[in-house]
Amino acid sequence: MTYLAKPLLHHPKLPTNSLGYTHRDYEGSVSTLCAGCGHDSISGAIIQACFELAIQPHRVAKLSGIGCSSKTPTYFLGQSHGFNSVHGRMPSVLTGANLANRDLIYLGVSGDGDSASIGLGQFAHCLRRGVNMVYIVENNGVYGLTKGQFSATADTGSRSKKGAVNTDSPIDLVAMALLLGATFVARSFSGDKRQLVPLLKAAIRHRGAAFIDVVSPCVAFNNHTGSTRSFDYVREHNAAVNRLDMMVEREEITTDYAEGQVQEVAQHDGSVIRLRKLAADYDVRNRIGALTYVQERHAAGEVVTGLLYLDPESRDLHDALGTVEQPLNRLGEAELCPGSAALDAFNAAHR
Ligand SMILES: Cc1ncc(C[n+]2csc(CCOP(=O)(O)OP(=O)(O)O)c2C)c(N)n1
Ligand code: SF4
Ligand SMILES: [Mg+2]
């Protein structure tokens, strides 16, 4: 059996969002991942974020590659569109779907093997093209599905469960995303829903390529002493640069922020990200500063989390290509076949 259906009955007093939907309306099938897998907590955070944003499930398309992480779209948003592609090929399938229908919200779900090994080229190009999506890597430092080989994100010197030492250099997907031009870059931890849910909400409302690297321990193969992706290691070395609230529109500050510690960034769609700064001199609008900071802290053994970079003036691939506003399946014959005079004029313009 590949998945289990959940019973549809739920408590009549479950809280509802502005669409009248409960949390249950954003769930998927019962997970078949190992009990305690970090990936299930990320599914929970995605459900929470979509519930809080009152997203209509049919407006979401979730795409993935291959891996335990890439199985997770079955376990959330059961009423949404889904496509489980080939190993490492989620980004090109997502790019094509996005170009055909710009009206959907695209969630790309991948693993560190899927994105940093076989899919590294695809990862790079969809970020540099600015595809409007939320690209989530559930990063456990191993190939969980194929039973625990080191992945390309495993730190040098980290140990496998059987004691082998990784001698290769790690690929830091956050640093790559910054270099490649992603306009929203964050890192979080599957065990920190308080940080992850608002990050997901802000990324969903962002126009452009939003990338979130979520450290997500694999309890079966990479949760031992000597691993730098275990629950204990990440809890002990987590250095958050900020905590954020995501507001659909600007709202009065009601929380107890200390003066000088709050940074507000408005996005294109009117949503406002309010950041409580934990590292006083960290500026989320400084791409080069972010890159330096993340690498310096990694060298000091820390796992930097939070919203690391945001370009409030972001544009997406449709802006760059000047595509039509409507999804392609809504274009009628008149737009698709404007007649021979229009074709002659077009050809003449290219002579
Ligand atoms: C073309 C191809 N090569 C190799 C595999 C075998 N394979 C399946 S999943 C996987 C790695 C998954 O690792 P990751 O993306 O980190 O996901 P995780 O299971 O750790 O969540 C590999 C190598 C495959 N399915 N297809
Ligand atoms: S093998 Fe690891 S990544 Fe896969 S479900 Fe189990 S704990 Fe999760
Ligand atoms: Mg993995």
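Since the structure is predicted, the reported quantities are computational estimates derived from the model, not experimental observations.

Neighbouring residues of ligand 2: Leu33, Cys34, Cys37, His39, Cys68, Asn140, Gly144, Cys218, Val219, Ala220 and Phe221. Along the lines of polarity and charge, the residues of the shell around ligand 2 split into eight nonpolar, three polar and no charged.

Donor atoms from the polypeptide that bind the magnesium ion (ligand 3) are Asp112 (OD), Asn140 (OD1) and Val142 (O), placed at 2.1 Å. Expressed as a motif, the donor residue spacing for the magnesium ion (ligand 3) is D-x27-N-x1-V. Of the two residues, Asp112 is situated in helix α4 (residues 112-118) and Asn140 in the loop between β4 (133-139) and β5 (142-143); the sequence distance between them amounts to 28 residues. For Asn140, a relative accessible area of 4% translates into the label buried.

Turning next to the layout of surface pockets. Size it by volume and the largest pocket reaches roughly 420 Å³. If you trace the largest pocket, you find 19 residues lining it, with Ile105, Ile204, Arg205, His206 and Asp269 closest to the centre. Those elements that place two or more of their residues in the lining of the largest pocket are β3 (105-111), β4 and α7 (193-205). No other element matches α7, which puts three residues into the lining of the largest pocket. For the lining of the largest pocket, the class distribution of residues is 10 nonpolar, five polar and four charged.

Across the interface, helix α5 (residues 120-128) lies against helix α6 (residues 173-180) with an axial gap of 9 Å and an inter-helix angle of 40 degrees. Between α5 and α6, the angle is such that the two are oblique. Of the two possible hands of crossing, α5 and α6 adopt the one that is right-handed. Residues Leu120, Phe123, Ala124, Leu127 and Arg128 of α5 lie in contact with α6, whose contacting residues are Leu173, Met176, Ala177 and Leu180. Split by residue class, the contact of α5 with α6 holds eight nonpolar, no polar and one charged.

The rules behind the values
- Residues numbered from 1 in each chain as written.
- Chains lettered and ligands numbered in written order.
- Predicted model: local features only at pLDDT ≥ 70, side-chain atom pairs only at ≥ 80, totals over all residues.
- Heavy atoms only, no water.
- Near = heavy atom within 4 Å.
- Nonpolar A, V, L, I, M, F, W, Y, C, P; charged D, E, K, R; others polar.
- Donors = N, O, S within 2.8 Å, 3.2 Å for Na, K, Ca; no water.
- Helix = DSSP H or I, 4+ residues; strand = E, 2+ residues; numbered from the N terminus.
- Buried < 20%, exposed > 50% of the residue type's maximum accessible area, 1.4 Å probe, protein only.
- 1 Å grid on protein atoms, 1.4 Å probe; cavity = no way out; pocket = protein on both sides within 12 Å on 5 of 7 lines; lining within 4 Å.
- Points joined across faces, edges and corners; volume = space filled by probe spheres on them.
- Axes fitted to C-alpha atoms, helices over the stretch in contact; angles between N-to-C directions.
- Parallel < 35°, antiparallel > 145°, perpendicular 65-115°, else oblique.
- Left-handed = near helix turned anticlockwise from the far one by under 90°.
- Contact = heavy atoms within 4.5 Å.

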